[in-house]
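Notes for the structure review
Now for the letters of each chain:
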Amino acid sequence: MRNTIYLDYNATTPCDPEVVDAMLPYFRDNFGNASSQSHSYGWLASDALEKSSFVIANALNVSPNQIIYTSGATESINTILKGVFNHKLNKKNHIITVETEHKAVLDVCQNLEKKGARITYLKVDKNGIISLDELKKKINSNTLMVAIMFANNETGVLQPIESISEICKKHSSLFFSDATQALGKISLGSFFSLVDFACFSSHKIYGPKGMGMIFIKKTDEINWESFVQGGGQQRKLRGGTYNIPGIVGFSKAIELNLNQIEKFANKTEKLRNYMEELLLKIEGAKVNSRGFDRLPNTLNVSFSHVDGEQLLNVLGQHIAVSNGSACNSASINPSHVLSAMGIESSRALASMRISLGKHNTLNDTKKAVNHIVKSVEKVRNNNILWKKNNPIIVRE
Ligand code: PLP
């Protein structure tokens, strides 16, 4: 287990030790409920909540009032889509999203279709990018919301959110962007001025699991019925006792990682490009979304004449990568993202997502490339359609 090189940082990240240290007192000594306002246990908890919200708001350049804490990006997505839809159903019922969104968005949209929503699923080109012209054609006065992610979790490709935002504003449609994979990997710049809603997840940026966040631009205009009712916490938008250790941990993770974003982005990009160059020397290898605006840490590569399942089984003993999104890893269907990009099933099945993190070293990448080269060769040898060629070996 310990010898396995971890290259699956888009699936999840280890908690930073400083994050764990910041959280620990709130499990043990300062375990109070932030809503208990009649004693010091509660005051300490609400003080931690306030300070953490201040740190997060400051780092993201938003107001603490624009933040709602949740259990993760999946809950945030459910809250935003269902909340807005249920609230506005009598006025507008059209939602536009994209075929390559995370399953959380696609599954919620499917569910809303049963409740009267009209959903348009935009197609993407072979690099995973939407067509702005298609968006302009599909958006209309009945379009309640456009839900388009910032960075794709499988290919890392970025959508043109500035132009999308402009189109939404012109049509008075709300814009929700899932920025779960962008946070901590690229600078968010003017992101918050472009969107009405966004979601984030702590375990993707070296924070604790089970912790997420919604950004709501105009909180004072939101009076939808809470998705999680009970207690009236978070301005009645999400009931339940505050997860103080989680909030403290998320805030520490944001503070630590957003401060060093350029350093981590440069480091992972160099390692990613190094791996990419070498993997492309394997005959029949293709890097998906290469040459387009992408997350610096993500590399999605597919191979011809390779059984994807066999490849991951062989590789799994040495390196931790994924084929598609972690949430889908039990399925033997090709990734819906790669399929939407027009990649044929056999190649989509023989694809892997390598996502690097701040702990990876050059030596990790060299070892990983060698494992991949050897494994592709091994699996291909079982394929009668494959003619053997010289493999490349990297000196470690
Ligand atoms: N959205 C994107 C783009 C993701 O990559 C993920 C996680 O895989 C999610 C949403 C769901 O996040 P969580 O695990 O916090 O529910």
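1. As for the site of the ligand
Near the ligand lie 13 residues; those nearest to it are Thr74, Asp178, Gln181, Ser201 and Lys204. Separating an oxygen atom of the ligand from a side-chain N or O atom of His203 is a distance of 2.9 Å. Bound to the protein, the ligand loses 88% of the 390 Å² it would expose on its own. Considering every element that reaches the shell around the ligand, the biggest residue donor is helix H3 (residues 73-88), with 3 residues. Of the residues in the shell around the ligand, the class split is 3 nonpolar, 8 polar and 2 charged.

2. Some remarks on the side chain of Thr298
Residue placement: Thr298 occurs in strand S10 (residues 298-303). Residue class for Thr298 comes out buried when judged on its relative accessible area of 0%. A polar contact is formed between the side chain of Thr298 and the side chain of Asn297, at a distance of 2.6 Å.

3. Looking at the pattern of salt bridges
Overall, the coordinates contain 11 salt bridges when judged by the stated rule. Salt-bridge contacts for Asp16 lead to Lys358; the nearest nitrogen and oxygen are separated by 2.9 Å. With Asp16 in the loop between strand S1 (5-6) and helix H1 (17-23) and Lys358 in the loop between strand S12 (351-355) and helix H13 (362-380), this pair connects stretches of sequence that are 342 residues apart. You'll find Asp16 and Lys358 in the same group, each marked buried. Residues joined by salt bridges that share partners form a network here, namely Glu276, Glu277, Arg290 and Arg294.

4. Regarding the packing of helix H2 (residues 40-60) against helix H8 (residues 244-259)
The N-to-C vectors of H2 and H8 enclose an angle of 30°; their axes lie 9 Å apart at closest approach. It follows from the interaxial angle that H2 and H8 lie roughly parallel. For the element pair H2 and H8, the recorded crossing hand is left-handed. Across the interface between the two elements, Ala45, Ala48, Leu49, Ser52, Val55, Ile56, Ala59 and Leu60 from H2 touch Ile244, Ile247, Val248, Ser251, Ile254, Glu255 and Leu258 from H8. Looking at the contact of H2 with H8 residue by residue, the classes come out as 12 nonpolar, 2 polar and 1 charged.

5. Observations regarding the domain arrangement of the chain
Here the chain is partitioned into domain 1 (5-12 + 260-389) and domain 2 (17-258). The gap between the C-alpha centroids of domain 1 and domain 2 is 28 Å. On the side of domain 2, 33 residues touch domain 1, which itself brings 31 residues to the contact. When domain 1 packs against domain 2, the two sides together hide about 2,700 Å² of surface, and 56% of this comes from carbon and sulfur. Broken down residue by residue, the surface that domain 1 buries against domain 2 is led by Ile261, Leu295 and His336, which jointly contribute 22%.

6. A word on the packing of helix H10 (residues 308-315) against H13
The N-to-C vectors of H10 and H13 enclose an angle of 135°; their axes lie 9 Å apart at closest approach. What the angle tells us is that H10 and H13 run oblique. Helix-helix and strand crossings are classified by hand; for H10 and H13 the assignment is right-handed. Of H13, the residues touching H10 (which contributes Gln310, Leu311, Val314 and Leu315) are His371, Ile372, Ser375, Val376, Lys378 and Val379. Looking at the contact of H10 with H13, its residues break down into 6 nonpolar, 3 polar and 1 charged.

7. Thoughts on H2
Across its 21 residues, H2 extends 30 Å between first and last C-alpha, which sits within 8% of the 30 Å expected from 1.5 Å per residue. By the burial criterion, the buried members of H2 are Gly42, Ala45, Ser46, Ala48, Leu49, Ser52, Ser53, Ile56, Ala57 and Leu60. With its buried residues spanning 160° around the axis, H2 presents them on a single face. In H2, the exposed positions that point more than 90 degrees away from the buried face belong to Glu50, Lys51, Phe54 and Asn58. Residues of H2 that are buried make contact with strand S2 (67-70), helix H7 (191-194), strand S8 (212-216) and H8.

Thresholds, definitions, all that
Residues numbered from 1 in each chain as written. Predicted model: local features only at pLDDT ≥ 70, side-chain atom pairs only at ≥ 80, totals over all residues. Heavy atoms only, no water. Near = heavy atom within 4 Å. Polar contact = N/O pair within 3.5 Å; in protein donor to acceptor, adjacent residues only side chain to side chain. Areas by Shrake-Rupley, 256 points an atom, 1.4 Å probe, with all protein chains shown as cover. Helix = DSSP H or I, 4+ residues; strand = E, 2+ residues; numbered from the N terminus. Nonpolar A, V, L, I, M, F, W, Y, C, P; charged D, E, K, R; others polar. Buried < 20%, exposed > 50% of the residue type's maximum accessible area, 1.4 Å probe, protein only. Salt bridge = Lys/Arg side-chain N within 4 Å of Asp/Glu carboxyl O. Axes fitted to C-alpha atoms, helices over the stretch in contact; angles between N-to-C directions. Parallel < 35°, antiparallel > 145°, perpendicular 65-115°, else oblique. Left-handed = near helix turned anticlockwise from the far one by under 90°. Contact = heavy atoms within 4.5 Å. Domains from an automatic or database assignment. Buried area = accessible area lost by both parts, 1.4 Å probe. Expected span 1.5 Å × (residues − 1). Arc of directions from axis to C-beta.

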